[in-house]
Amino acid sequence: MKKRRLLWLPLLLMVTLISGCGQSNDGGSKDVLEIGTDAAYPPFEKQKGNGEITGFDVDIIKAIAKAEGLKVHVQHTGWDPLFEAVKRGKVDAGISAMTINPERQKKFDFSKPYFDAKQTILLPKSSKIKRLKELKGKKIGVQSGTTGEAVVQKTFGKTYQGLKGYEDTPGAIDDLYNGRVDAVVADDGVVKDYLKNRMKNQFQMVEDPSFEPEYYGIIVKKGNKELLDKINAGLKKIQSNGTYDEIYTQYFGEKK
Ligand code: ARG
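Residues numbered from 1 in each chain as written. Predicted model: local features only at pLDDT ≥ 70, side-chain atom pairs only at ≥ 80, totals over all residues. Heavy atoms only, no water.

(A) Spotlight on helix α3 (residues 80–87). When we look at burial in α3, the residues that qualify are L82, F83, A85 and V86. The buried side chains of α3 occupy one side of the element, clustering within an arc of 165 degrees when seen end-on. Buried residues along α3 sit against β1 (32–37), β6 (93–94), α4 (102–107), β7 (108–110) and β15 (219–221). Once α3 ends, the next one or two residues include G89, with phi positive near 75 degrees. (Buried < 20%, exposed > 50% of the residue type's maximum accessible area, 1.4 Å probe, protein only. Helix = DSSP H or I, 4+ residues; strand = E, 2+ residues; numbered from the N terminus. Arc of directions from axis to C-beta. Contact = heavy atoms within 4.5 Å.)

Written as structure tokens, this is what we have:
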């Protein structure tokens, strides 16, 4: 009996050690940063068939980490769970084409902005709509909990019947494709990518001039200044040494 118990001891030790490694502390002092993202937002983040996560955001966070002598591991958390994961320290930071806004700033600390964006409307090519408000009474697909959802709610009210929320943006776009919604509101970079890659003959992107400019930032748990400082320092480095521009050009072409 005693012997058997002793046998378990090294195993227990190993398990404790291994699970301890995966656990995040407050960041900063670790060599491998765990990064969360909703990897369904090309070209910013997507998951390949083999599970590998790639995209503009992934290259940016890797470059930032490298500039600071850190390594990163990026995991797909999904969109809503990403916020929770950062809050609970399951990941050290989140990069996910995430717009900096006052509501989120109350709960998380954001890096300096690293990308400019705006909301756009994805519509069938035949549509003559020029402004979001002209879509009154129509079904509009958005990813729940995004700024795309926020602009629709701002225009038509929080309980607008035509608002259809999806867990991810591809879900909303699929439903536009199948005619279950009349339009999708999402970030310009993503909509352009869809048009470029598979939908350009049937769909168009409409820019509503009333939409506010947005800026993407990287989030960390509120108060994690050590990690935030590193991220900002790394971002500054890659912006001044040409790395940022190199990555940018690779995904979006020459900067205007
Ligand atoms: N920029 C928008 C927001 O912050 C949409 C971001 C969605 N990102 C994603 N990876 N699904 O609300």
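(B) Representation of the packing of aromatic side chains. The tally for this structure, following the rule as stated, stands at 21 aromatic pairs. Seen in terms of ring centroids, F56 and Y251 are 5.9 Å apart; in terms of plane orientation they differ by 85 degrees. Their pairing is edge-to-face. With F56 in helix α2 (residues 56–67) and Y251 in helix α9 (residues 243–252), this residue pair connects regions lying 195 residues apart in the sequence. Among the aromatic residues, ring-to-ring pairing joins Y41, F44, F56, Y114, F115, Y216, Y244, Y248, Y251 and F252 into one connected group. (Phe/Tyr/Trp six-rings, centres within 6.5 Å; stacked < 30°, edge-to-face > 60°.)

(C) Expanded view of the sheet that holds β6. Spatially, 5 strands are ordered β5-β1-β6-β15-β7 in an open sheet, and the strand pairing comes out mixed. Among the strands making up the open sheet, the edge pair consists of β5 (71–76) and β7. Summarising the sheet, β1 and β6 pair through 2 bridges and their orientation is parallel. Paired with G36 across the two strands is G94, which belongs to β6. Against the sheet, α2 makes contact with β1 and β5, and its axis sits at roughly 155 degrees relative to β5, the strand it touches most. Against the sheet, helix α8 (residues 225–240) contacts β1, β6, β7 and β15, and its axis sits at roughly 160 degrees relative to β15. (Pairing = 2+ DSSP bridges. Axes fitted to C-alpha atoms, helices over the stretch in contact; angles between N-to-C directions.)

(D) Inspection of the site of the ligand at higher detail. D38, A97, R104, T147 and D187 are the nearest of the 14 residues found near the ligand. Separating a nitrogen atom of the ligand from a backbone N or O atom of S96 is a distance of 2.8 Å. T99 places a polar main-chain atom, nitrogen or oxygen, 2.8 Å from an oxygen atom of the ligand. Protein chains shield 100% of the accessible area of the ligand, which is 340 Å² for the free molecule. Of the residues belonging to the shell around the ligand, the class tally is 5 nonpolar, 5 polar and 4 charged. When residues of the shell around the ligand are assigned to domains, at least three fall in each of domain 1 (18–116 + 215–252) and domain 2 (119–212). (Near = heavy atom within 4 Å. Polar contact = N/O pair within 3.5 Å; in protein donor to acceptor, adjacent residues only side chain to side chain. Areas by Shrake-Rupley, 256 points an atom, 1.4 Å probe, with all protein chains shown as cover. Nonpolar A, V, L, I, M, F, W, Y, C, P; charged D, E, K, R; others polar. Domains from an automatic or database assignment.)

(E) Local environment of the pattern of salt bridges. All told, the structure shown has 9 salt bridges when counted by the stated rule. Measuring nitrogen to oxygen at the nearest pair gives 2.6 Å for the salt bridge that ties K237 to E68. You can see K237 sitting in helix α8 and its partner E68 sitting in the loop between α2 and β5, a full 169 residues away along the chain. Each of K118, D188 and E207 takes part in a single network of salt bridges with overlapping partners. (Salt bridge = Lys/Arg side-chain N within 4 Å of Asp/Glu carboxyl O.)

(F) Representation of the domain arrangement of the protein in the model. Here the protein is partitioned into domain 1 (18–116 + 215–252) and domain 2 (119–212). Each of domain 1 and domain 2 was reduced to a C-alpha centroid, and the two centroids are 26 Å apart. The partner domain 2 presents 16 residues to the 14 residues of domain 1 that form the contact. Both sides together, the interface formed by domain 1 and domain 2 hides about 1100 Å², and carbon and sulfur atoms give 49% of it. (Buried area = accessible area lost by both parts, 1.4 Å probe.)

(G) Fine view of unusual backbone geometry. Look at the link from P42 to P43: it is a cis peptide, with omega at 5 degrees. Checked against the element boundaries, P43 lands in the loop between β2 (40–41) and β3 (45–47). With a phi close to 50 degrees, A97 is a non-glycine residue in the positive phi region. Structurally, the position occupied by A97 is in the loop between β6 and α4. On the accessibility criterion, A97 (4% relative accessible area) is buried.

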